[in-house]
Amino acid sequence: QVQLVESGGGLVQAGGSLRLSCVASGNIFRINDMGWYRRAPGKQRELVAAITSGGSTNYADNVRGRFSIFRNNDKNTVYLHMNSLKPEDTAVYYCNAGTVTRTTWELLEVWGQGTLVTVSS
């Protein structure tokens, strides 16, 4: 099985920065796309940013220019650098990855447990 563990959430003032990390572990053969989603209170989960195994990125319109997604394939890790944070960025942020394990050889979508980001005004 594959596990995703996020870290780096916390409380920050508006205009500040945070960096989220997500490490994948397990009997991994390959990780395809990785991404960050978020769920704000009372709202549905939304895509924040995604990155392919080749490094192509995609961002939600409301974070483009402020957030950056990176990955280290050797470390099975994806990062989300968040700058110029706004109160509306407050949410639980979830890591997501499409993984193939050496156990099943099937492509499975895996989710982390989430990390809370709170931006105060």
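Residues numbered from 1 in each chain as written. Predicted model: local features only at pLDDT ≥ 70, side-chain atom pairs only at ≥ 80, totals over all residues. Heavy atoms only, no water.

Peer 1: Lay out the packing of aromatic side chains with the relevant residues and their values.
Peer 2: With the rule as written, the count across this model stands at 2 aromatic pairs. With 5.0 Å between their ring centres and 65° between their planes, F29 and W105 make a pair best called edge-to-face. You can see F29 sitting in strand β4 (residues 28–39) and its partner W105 sitting in the loop between β9 (91–101) and β10 (107–111), a full 76 residues away along the chain. F29 sits in the partly exposed class, given a relative accessible area of 41%. If you follow R45 out to its NZ or CZ, it ends over the ring of W111, 3.9 Å from the centre. (Phe/Tyr/Trp six-rings, centres within 6.5 Å; stacked < 30°, edge-to-face > 60°. Helix = DSSP H or I, 4+ residues; strand = E, 2+ residues; numbered from the N terminus. Buried < 20%, exposed > 50% of the residue type's maximum accessible area, 1.4 Å probe, protein only. Lys NZ or Arg CZ within 6 Å of the ring centre and 35° of its normal.)

Peer 1: Could you give an account of the state of the cysteines, with specific residues and numbers?
Peer 2: Where two cysteines share a covalent bond between their sulfur atoms, that bond is called a disulfide. By the definition in use, this model includes 1 disulfide. Sulfur-sulfur distance for the disulfide between C22 and C95 comes to 2.1 Å. Taking the sign of the S-S torsion, about -85° here, the bridge from C22 to C95 comes out left-handed. Here the residue C22 occupies a position in strand β3 (residues 18–26), and C95 occupies one in strand β9, the gap between them amounting to 73 residues. Across this residue pair, the class does not change: C22 and C95 are buried. (Disulfide = S-S within 2.5 Å.)

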